[in-house]
Amino acid sequence: SCSYEFPRSGHRTMTVSPKYKQYEAISFLGETVVCVNNQLEHVKYWHKFVEHGDGRGCDHIFVDHPSIERDGGLYNADDGREYGDNLFRFNLLCLAAMEAPLILPINGQIYGEKVLFLANDWQAGLVPFYLNYKYRREGKYLEVHTIIVVPEQK
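Source: prediction; values computed, not measured.

Trainee: Describe the packing of helix H2 (residues 86-103) against helix H3 (residues 127-135), and please don't skip the residues or the numbers.
Mentor: Interaxial distance between H2 and H3 falls to 10 Å at its minimum, and their mutual angle equals 65 degrees. Of the two possible hands of crossing, H2 and H3 adopt the one that is right-handed. Contacts between H2 and H3 involve Asn91, Cys94, Leu95, Met98, Glu99 and Leu102 from the first element and Val127, Tyr130, Leu131, Lys134 and Tyr135 from the second. Of the residues contributing to the contact of H2 with H3, the split by class is 8 nonpolar, 1 polar and 2 charged.

Trainee: Describe the layout of surface pockets, with residues and values.
Mentor: The calculated volume of the largest pocket comes to roughly 1,000 Å³. Lining the largest pocket we find 33 residues, and of these Met14, Thr15, Val16, Leu118 and Ala119 sit closest to its centre. Those elements giving two or more residues to the lining of the largest pocket turn out to be helix H1 (2-8), strand S1 (13-18), strand S4 (56-64), H2 and strand S5 (116-120). Broken down by element, the lining of the largest pocket gets its largest block of residues, 6 residues, from S1.

Trainee: Now, about the sheet that holds S1: what can you tell me, with residues and values included?
Mentor: Pairing is mixed across the open sheet formed by 4 strands, whose spatial order is S1-S4-S3-S2. Among the strands making up the open sheet, the edge pair consists of S1 and strand S2 (27-36). If you compare each strand with its neighbour and ignore which way they point, the axes differ by 30 degrees on average. By the bridge criterion, 9 bridges tie strand S3 (residues 39-53) to S4 in an arrangement that is antiparallel.

Trainee: Describe in detail the packing of aromatic side chains, supporting the description with residues and values.
Mentor: Per the counting criterion, the structure on display carries 5 aromatic pairs. Centroid distance Tyr75 to Phe90: 5.9 Å. Interplanar angle 70 degrees. Geometry classified as edge-to-face. One end of the pair, Tyr75, is in the loop between S4 and H2; the other, Phe90, is in helix H2, with 15 residues separating them in the sequence. A relative accessible area of 6% means that Phe90 is categorised as buried. Ring centres of Phe117 and Tyr141 lie 5.1 Å apart, and the angle between their planes is 85 degrees; on these two criteria the pair is classed as edge-to-face. With Phe117 in strand S5 and Tyr141 in the loop between H3 and strand S6 (145-149), this residue pair connects regions lying 24 residues apart in the sequence. Of the two residues examined, Phe117 and Tyr141, each falls in the buried class. Positioned above the aromatic ring of Tyr111 is the side chain of Arg12, whose terminal nitrogen or guanidinium carbon lies 3.9 Å from the ring centre. Sitting over the ring of Tyr135, Lys134 keeps its end group 4.4 Å from the ring centre.

The rules we used
- The residue numbering used here restarts from 1 in each chain and proceeds along that chain's sequence as written.
- It should be noted that, the model being predicted, local features are given only for residues of pLDDT at least 70 and side-chain atom pairs only at 80 or more, the latter also being counted only at that level, while totals for whole chains, interfaces and linings use all residues.
- With hydrogens and water set aside, each side-chain value is computed from the structure's full complement of heavy atoms.
- To obtain an axis, a line is fitted to C-alpha atoms, over the contacting stretch when the element is a helix, and the angle between two such axes runs from 0 to 180 degrees between their N-to-C directions.
- Starting at the N terminus, helices and strands are each numbered in turn, a helix being any DSSP run of H or I of at least four residues and a strand any DSSP run of E of at least two.
- When the near helix sits turned anticlockwise from the far one by under a right angle, the crossing is termed left-handed; a clockwise turn instead gives a right-handed crossing.
- Contacts are assigned to residue pairs with any non-hydrogen atoms lying within 4.5 Å of each other.
- Residues are grouped as follows: nonpolar covers Ala, Val, Leu, Ile, Met, Phe, Trp, Tyr, Cys and Pro; charged covers Asp, Glu, Lys and Arg; every other residue, Gly included, is treated as polar.
- Space inside and on the surface of the protein is sampled on a 1 Å grid over the protein atoms alone, with a cavity defined as a set of points where a 1.4 Å probe fits but cannot get out and a pocket as an open set with protein on both sides within 12 Å along at least 5 of 7 lines; lining residues have an atom within 4 Å of a point.
- Grid points are joined across faces, edges and corners, and a volume is the space filled by probe spheres set on the points.
- A strand pair is defined by DSSP finding two or more bridges across the two strands.
- Only rings of Phe, Tyr and Trp enter the pairing, Trp through its six-membered ring, and a pair is recorded when the two centres are within 6.5 Å. The plane angle decides the type: under 30 degrees is stacked, over 60 is edge-to-face, the rest tilted.
- Classification of residues uses two cut-offs on accessible area relative to the type maximum, computed with a 1.4 Å probe and protein chains only: under 20% is buried, over 50% is exposed, and between them is partly exposed.
- To sit over a ring, a charge needs its Lys NZ or Arg CZ within 6 Å of the ring centre and within 35 degrees of the ring normal.

In structure tokens form, the structure reads like this:
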């Protein structure tokens, strides 16, 4: 996986995922506000470093918001129906993920603007659009590249 191979190759690596449940050994890292559907939404970030040898490893960031953690599954309720606010949740995740390298002080240092976004699966599909239509218009992430991975549906 990229969270293993990138740091082993010497790259500082961060993953950003929704905090779907209570994870062990994570620590509060920071918070910010993002605008989703013209509403300001408060998100919190939790952190866990996983070492892969020689002091290299991956910073795993978990985005926390009241809309994310549910009793059912990741995308569907226990009865199998898709959550009605999934589009809101995925929009929030994309924005929170793009803010993370700019604001989160990990070991006293932010990642900054010189990053590569690998948007994995359709839930992260708005990342390339926000890159072009929000951040670059604000003069941010001007040298960033994006890869979007959408698995084959069977």
